[in-house]
Amino acid sequence: MKIIGVGCGEGMLTKEAETALREAKSVYGSKRAIELVRASIPKDADVVEITDYKALRTLPDDAVVLSTGDPLMAGLGYLPGEVIPGISSMQTAFARLHVPWTDVAVVNAHGKDHKAAVSRTVQDIAAGHTVFLIADPDLSINELARSLSPSVKIAVCEDLGYPNERITQGTAGNPPKVLSRLFCIICGY
């Protein structure tokens, strides 16, 4: 099995991933992942939208599984097989903001306990780290901001890699607004 990171948005498929994808006979992915790389999928390949993520472990050895972003950044990299990295939302967000990520703590709040993620973010910032927060649509930027010192910088990065990409910056005292369901947060930079 090959688990291919398709990048976080349009045009972010690496050459290595594109080459592997062009050889695929069966491709599995979310609707969004499939749409991102549709042009690179062979016309004769079977394309299956994933509806049961638990069943992915039972796929044949020659299956190609698409993971948005990078498979090991809260993606499908836990599956057995070769992992081909993709351009993650973290790489893209830090590049857009021109912020180095040599001392970053990654906090995953996507489908996780948001209070625990906020608590971990506060601890990591107190320890001197910049935090990259993988969000989901239900994460409250205001709850996060209330937990931080008012001067802590916060950036909301929405729809990275898409034509409607938007990055707004503020502080915990005046946090940026979230307008999209697809976003991540960088704070303490």
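Residues numbered from 1 in each chain as written. Predicted model: local features only at pLDDT ≥ 70, side-chain atom pairs only at ≥ 80, totals over all residues. Heavy atoms only, no water.

Draft legend 1. Representation of the pairing of strand S10 (residues 183-187) within the structure. Most of S10 sits inside the fold, with 5 of its 5 residues counted as buried. Alternating residues of S10 divide into Phe183, Ile185 and Cys187 and Cys184 and Ile186, and every residue in both groups is buried. Where strand S7 (residues 130-134) meets S10, 4 bridges bridge the pair, whose relative direction is antiparallel. For Val131, the partnering residue across the bridge sits in S10 and is Cys187. Bridge count for strand S8 (residues 153-158) against S10 is 5 bridges, and the pairing is antiparallel. Its bridge partner being in S10, Val156 is matched across the sheet by Ile185. (Buried < 20%, exposed > 50% of the residue type's maximum accessible area, 1.4 Å probe, protein only. Helix = DSSP H or I, 4+ residues; strand = E, 2+ residues; numbered from the N terminus. Pairing = 2+ DSSP bridges.)

Draft legend 2. Examining the side chain of Thr168 more closely. For Thr168, the location among the structural elements is in strand S9 (residues 166-171). Beyond its immediate chain neighbours, meaning those up to four positions away, Thr168 contacts Ile154, Ala155, Val156, Pro176 and Lys177. (Contact = heavy atoms within 4.5 Å.)

Draft legend 3. Inspection of the sheet that holds strand S4 (residues 64-67) at higher detail. One open sheet holds the 5 strands; their spatial order is S3-S2-S4-S1-S5, and the pairing between them is parallel. Strands at the two margins of the open sheet, each flanked by one partner only, are strand S3 (46-49) and strand S5 (82-84). Sheet twist, expressed as the mean angle between neighbouring strand axes with direction ignored, is 20°. Each of strand S1 (2-5), strand S2 (26-29), S4 and S5 is contacted by helix H1 (residues 15-22), which is oriented at about 135° to S1, the strand it contacts most. (Axes fitted to C-alpha atoms, helices over the stretch in contact; angles between N-to-C directions.)

Draft legend 4. Focus on the pairing of S7. Of all 5 residues in S7, 5 are buried, a share of seventy percent or more. Residues of S7 alternate between two faces, with Thr130, Phe132 and Ile134 on one and Val131 and Leu133 on the opposite face, all of them buried. The sheet contact formed by strand S6 (residues 104-108) and S7 spans 5 bridges and is parallel. Each bridged residue has a counterpart across the sheet, and for Asn108 the counterpart in S7 is Ile134.

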